Amino acid sequence: MPPGSGKLWPMSADLLLLIAMAAGLALGYKLWQSAMDARETAMRIARETCSHAVVQLLDETVAFTGLRLARDVSGARRILRTYTFDYTRDRFERSSGFIVLCGVRLEAVGLAEDLQ
């Protein structure tokens with residue numbers, strides 16, 4: 001088709017592949033950033049929970065343990081992430097706690113021994 005005929009030029013397969021790859025990278029980055037935000041939130045909640053229960057958070061970290069879909073009160077599907085962390089009361093026995101997040105919103109938190 002000659003230029004100026006009012007029709008769009010067809011895209012080459014290379015350009016379509018480049019656009020698809022850019023979209024894939026953007027989606028991957030968005031998912032990674034969402035996971036990092038949730039992990040930072042879980043870490044903050046673990047610190048606050050341990051401080052409130054007067055126990056020591058061990059290793060200063062949370063571990064991602066699961067991902068699942070659930071429906072909220074309005075019926076929309078949401079991704080729930082579960083994290084675990086270790087703490088100690090007496091510096092000898094190690095216990096585990098858990099955190100469940102919906103996005104970066106706290107759904108549940110618990111300690112193995114009911115210290116809360």
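Residues numbered from 1 in each chain as written. Predicted model: local features only at pLDDT ≥ 70, side-chain atom pairs only at ≥ 80, totals over all residues. Heavy atoms only, no water.

Topic: the overall build of the chain
Consideration 1: When helices and strands are counted, the chain shows 1 helix and 5 strands.
Consideration 2: Along the chain, from the amino end to the carboxyl end, the secondary structure elements read α-β-β-β-β-β.
Consideration 3: Across the 116 residues that make up the chain, the buried fraction comes to 24%.
Consideration 4: Considering only contacts within the chain whose residues lie at least 6 apart along the sequence, 38% involve residues at least 24 apart.
Consideration 5: A total accessible area of about 8,500 Å² is found for the chain, and carbon and sulfur atoms account for 60% of it. (Helix = DSSP H or I, 4+ residues; strand = E, 2+ residues; numbered from the N terminus. Buried < 20%, exposed > 50% of the residue type's maximum accessible area, 1.4 Å probe, protein only. Contact = heavy atoms within 4.5 Å. Areas by Shrake-Rupley, 256 points an atom, 1.4 Å probe, with all protein chains shown as cover.)

Overview of the environment of Thr-61
Consideration 1: Relative to the helices and strands, Thr-61 is located in the loop between β1 (56-57) and β2 (63-71).
Consideration 2: Residue classification places Thr-61 among the partly exposed positions, given a relative accessible area of 29%.
Consideration 3: The sequence separation of Thr-61 and Glu-40 amounts to 21 residues, and the corresponding C-alpha distance is 9.6 Å.
Consideration 4: Excluding its chain neighbours within four sequence positions, the residues that come into contact with Thr-61 are Arg-39, Met-43 and Phe-85.

Thoughts on unusual backbone geometry
Consideration 1: The backbone of Asp-59 shows a phi angle near 65 degrees, a positive value even though the residue is not glycine.
Consideration 2: Within the element layout of this structure, Asp-59 appears in the loop between β1 and β2.
Consideration 3: Classification of Asp-59 by relative accessible area gives exposed; the value is 53%.
Consideration 4: With a phi angle near 70 degrees, Arg-91 is a residue other than glycine that sits in the positive phi range.
Consideration 5: Relative to the assigned elements, Arg-91 resides in the loop between β3 (77-88) and β4 (94-102).

A short note on the side chain of Thr-49
Consideration 1: For Thr-49, the location among the structural elements is in helix α1 (residues 13-53).
Consideration 2: Within the structure, Thr-49 has its side chain in polar contact with the backbone oxygen of Ile-45 (distance 2.8 Å). (Polar contact = N/O pair within 3.5 Å; in protein donor to acceptor, adjacent residues only side chain to side chain.)

A few points about the side chain of Thr-41
Consideration 1: Tracing the backbone shows Thr-41 in helix α1.
Consideration 2: Those residues in contact with Thr-41, other than ones at most four positions away along the chain, are Leu-101 and Val-104.

Details of a nonpolar patch on the surface
Consideration 1: A surface patch of nonpolar side chains, amounting to about 480 Å² of accessible area, comprises Met-11, Leu-15, Leu-16, Leu-18 and Ile-19.
Consideration 2: One can find Ile-19 in helix α1. (Patch = residues over 30% accessible without salt bridge, like charges linked within 9 Å, V, L, I, M, F, W, Y side chains within 5 Å. Salt bridge = Lys/Arg side-chain N within 4 Å of Asp/Glu carboxyl O.)

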